[in-house]
Amino acid sequence: MKLPSYEKLTEGWFSMTPILSRGRHLNIITGKRSTGKSTGCALYILMYYLKTGKGWVYCRRTKDELDLTCQNYFDNARDILKMNGVDVEVIYKGGRYYVNGEEAGRAIPLSLQAKYKSDNLSMYDWLIYDEF
């Protein structure tokens, strides 16, 4: 699958490229509302999955907060890719994300992290803690 350039897709919006270029294990992103921070992040990790097969864990503070956003978190990223010729399906079901039918990610509330501490999460390269 040929993917467009992430830099092209984020032109004029928030891009993960500058912060990731610093090579840190933890990156904290803050800024004005509606600049594309969540979409830029979702787009980056979705494209990363499509390139590498390595996924993500999407996290919010509580299960209630997670339930409000996990279903739609990748909608804008998926739509951007579709508008640029990449037909990708992202489905959220039962705490897991599926991309084109394959498991690509998990959704875990931070408040319940102890329940997941012995799970094998080695197939996930990214932890996204949204709206800290």
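In case you missed it, the structure is sitting above this.
Residues numbered from 1 in each chain as written. Predicted model: local features only at pLDDT ≥ 70, side-chain atom pairs only at ≥ 80, totals over all residues. Heavy atoms only, no water.

Trainee: Pulling in residues and values, what's your account of the nonpolar core?
Mentor: Of all hydrophobic cores here, the largest spans 31 residues; its most connected members are Leu46, Trp56, Phe74 and Tyr97. At the level of secondary structure, the elements contributing two or more residues to this core comprise helix H1 (6-9), helix H3 (37-52), strand S1 (55-60), helix H5 (75-83), strand S2 (90-93), strand S3 (96-99), strand S4 (102-109) and strand S5 (124-129). For this core, the element with the most residues is H3, which contributes 7 residues. Aside from chain neighbours lying at most four places away, what touches leucine 46 is Trp56, Phe74, Ala77, Arg78, Leu81, Val88, Val90 and Val99. (Core = buried A, V, L, I, M, F, W, Y, C linked by side-chain atoms within 4.5 Å. Buried < 20%, exposed > 50% of the residue type's maximum accessible area, 1.4 Å probe, protein only. Helix = DSSP H or I, 4+ residues; strand = E, 2+ residues; numbered from the N terminus. Contact = heavy atoms within 4.5 Å.)

Trainee: Any chance you could break down the environment of tyrosine 124 for me, citing the residues and the numbers?
Mentor: Its place among the elements puts tyrosine 124 in strand S5. For tyrosine 124 and glycine 40, which are 84 residues apart along the polypeptide, the C-alpha to C-alpha distance reads 18 Å. A distance of 2.4 Å separates a polar atom in the side chain of tyrosine 124 from a polar atom in the side chain of glutamate 103. (Polar contact = N/O pair within 3.5 Å; in protein donor to acceptor, adjacent residues only side chain to side chain.)

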